[in-house]
Amino acid sequence: MSGYGIGASTDKASGALDALNLMDDDAPSFIRASIGKPHPAVISLASVMLATTATSVAAQTAQQPAPQDGGTLPTIDVQENATTSSGDGYQQTQSPIARSPVPLLNTAQSITVIPKQVMQEQSTTSYVEALRNVAGITFRAGEGGNGGDNPYIRGFDARNDIYRDGVRDPGWYTRDTFATQQIEVLKGPSSFLFGRGSTGGVINATTKTPEFRNFVENETSIQAPGGLRATLDANGQLNENVAARIAVMGQDLPKAGREEIESKRWGVAPSLKVIVNDQTRVTASYIYQHTDQVPEFGVPFVASAPGGNIYNVLTPGFSDMETNDAHIATLKVEHDINDQWKITNTTRYSYVDRFMRINQPSGTGTTPTNVNVNVARNRWQLDVHNDLWANQTDVVGKFQTWGLLHTLATGVEFSGENRTQVRQSITGLSSYNVLNPDPYPTNPGTLQPALLPGAEASGRSAAVYAADQIQINRWFEVMGGVRFENYGATARAQSS
């Protein structure tokens, strides 16, 4: 199978909510900014595919013995492995991915799926660990206070291109995988399906939701010097029409040799699925994740500094810390109009709160042979609140015209996002010795008033899209899409 994709996006507002990062103490008493009128539409020829329909990477093969006379090689009969379509294997070729209307096998785009089985066997605990399986994805550290997941897809910043169940998942936090069934990475422009941004690609996670069977899964791991992580995934079929599921996670993982630098995280994800009738299904889910850890912004470039040095401030009552609280509530309604058409409505509200107090080590400005010096600490704290509401309606159906099979996906979206951000400097604190830093200074500093106490930003979006994949014959399929999106954002700040 080979595929070729051409895509374009004219949106200029994908990073509008990052406007708060541009505000400084030189701002006037009141700032109001807005994004200009967006381009009216995005039109793209999404993909053209040349493929046979009998190909599967994970397949059972029936092979005849090689001919003894050195003649023609025997025919290999390739058949779809039954386990791949059930979601239990490594390959997910027969299931649609993200908002794509056709199975992965028939999607002419570079897509990598990390299924539940891979994450279990690798003991994956976060998106960062899971996405290391995907070529073309790199990660940035927390430069400039940008915490949480910071992936780059093919060199493009994808921090705002993270989705859950096809809905944008904003917020600065490290996403755990305890409530994730699988992670999908679509590489290349995807704006006609997902909207603004999506230049390098899209990362989409599928949430664990109820299944109509009974099972309980538990995983517990212990690491030196005393770290512990445990997860529980329990699913129950209450009757023929109702099923419930809950996923629970807890971990406490200090760093070996530097036990003061710890990472504590716990979460819970209950969900309920109801079959209303033969055509209608309703799924309600909620995810809560709490993180409590000591953040690190690196160490000075000093070759002779001992590896166990701690450059954080850990003075009781005013220590370095980072906490995250993420809430994601979703209601999904699916209705089969007939055998060929289906409509899905998804409503989502998410809220992410992040607080961080950090000491950022500074360079010594000296040669590696003269580093036994005291330098000033660079300390500050940040408080960010991010909320999102979204409603998406998708209609998918199949029909034929002039002997061509069409798979049509259309939808409308409405969303709103708000963010407030307050940053405060910490001054007057004790300096530290580069070779022997004291993590418990008697003078940890004084918290200063916020530079921009009223800093806030918001964005609103309304969009409609349509995508049609046409099967010309068993070898050729072509997909095209069009999207109209009206997006606007505002930001303001009030100096103290």
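Coordinates for the structure precede this section.
Residues numbered from 1 in each chain as written. Predicted model: local features only at pLDDT ≥ 70, side-chain atom pairs only at ≥ 80, totals over all residues. Heavy atoms only, no water.

Structural notes on the side chain of lysine 208
Counted only if it meets this: Note on conventions: DSSP H or I runs of at least 4 residues are helices, E runs of at least 2 residues are strands, and numbering of each starts at the N terminus. Any pair of N or O atoms that falls within 3.5 Å is considered a polar contact. Within protein, one atom must be able to donate a hydrogen and the other to accept it, and sequence-neighbouring residues count only if both atoms are side-chain atoms. Between two residues, a contact is recorded if the distance between any of their heavy atoms is within 4.5 Å.
Its location among the elements puts lysine 208 in the loop between β13 (201–207) and β14 (215–223). Here phenylalanine 178 takes part through its backbone oxygen, which lies 3.1 Å from a polar atom of the side chain of lysine 208. Filtering out sequence-adjacent residues up to four positions away, lysine 208 remains in contact with Phe178, Ala179, Thr180, Gln181, Asp233, Arg245 and Ser271.

Notes on the pairing of strand β22 (residues 379–401)
Consecutive side chains of a regular strand alternate in pointing toward one face of the sheet and then the other. Short version of the rule: Pairing between two strands is assigned when DSSP locates at least 2 bridges connecting them.
Both strand β20 (residues 341–359) and β22 contribute to a ladder of 19 bridges, which runs antiparallel. Directly across from tyrosine 351, in β22, lies its bridge partner aspartate 387. Sheet topology note: the β22/strand β23 (residues 404–427) ladder contains 23 bridges and is antiparallel. If you follow valine 384 over to β23, its bridge partner there is glutamine 421.

Looking at the packing of aromatic side chains
For clarity, the threshold we go by: The pairing test for Phe, Tyr and Trp rings, Trp by its six-membered ring, is centres within 6.5 Å, and the orientation test on the planes gives stacked under 30 degrees, edge-to-face over 60, and tilted for anything in between. A 1.4 Å probe rolled over the protein chains alone gives each residue an accessible area, and that area as a share of the maximum for its type sets the label: buried under 20%, exposed over 50%, partly exposed in between. Here, over-ring charges are defined by two tests on the NZ atom of lysine or the CZ atom of arginine: distance to the ring centre within 6 Å, and angle to the ring normal within 35 degrees.
Using the criterion set out here, one finds four aromatic pairs in the structure. Centroid distance tyrosine 163 to phenylalanine 194: 4.9 Å. Interplanar angle 65°. Geometry classified as edge-to-face. Taken as a pair, tyrosine 163 in strand β10 (residues 162–164) and phenylalanine 194 in helix α3 (residues 191–194) lie far apart in primary sequence, 31 residues in all. For the pair tyrosine 163 and phenylalanine 194, a shared accessibility class is recorded, and that class is buried. Taking NZ or CZ as reference, arginine 175 lies 4.4 Å from the ring centre of tyrosine 173, over its face. We note arginine 423 situated over the ring of tryptophan 380; from NZ or CZ to the ring centre the distance is 4.0 Å.

What to know about the sheet that holds strand β12 (residues 180–187)
If you walk across this open sheet you meet the five strands as β6-β12-β13-β10-β11, and the pairing is mixed. What marks the edges here is a single partner per strand, and that holds for β6 (111–114) and β11 (167–168). The pairing of β6 with β12 spans four bridges and is antiparallel. Note on β12: the bridge partner recorded for isoleucine 114 is isoleucine 183.

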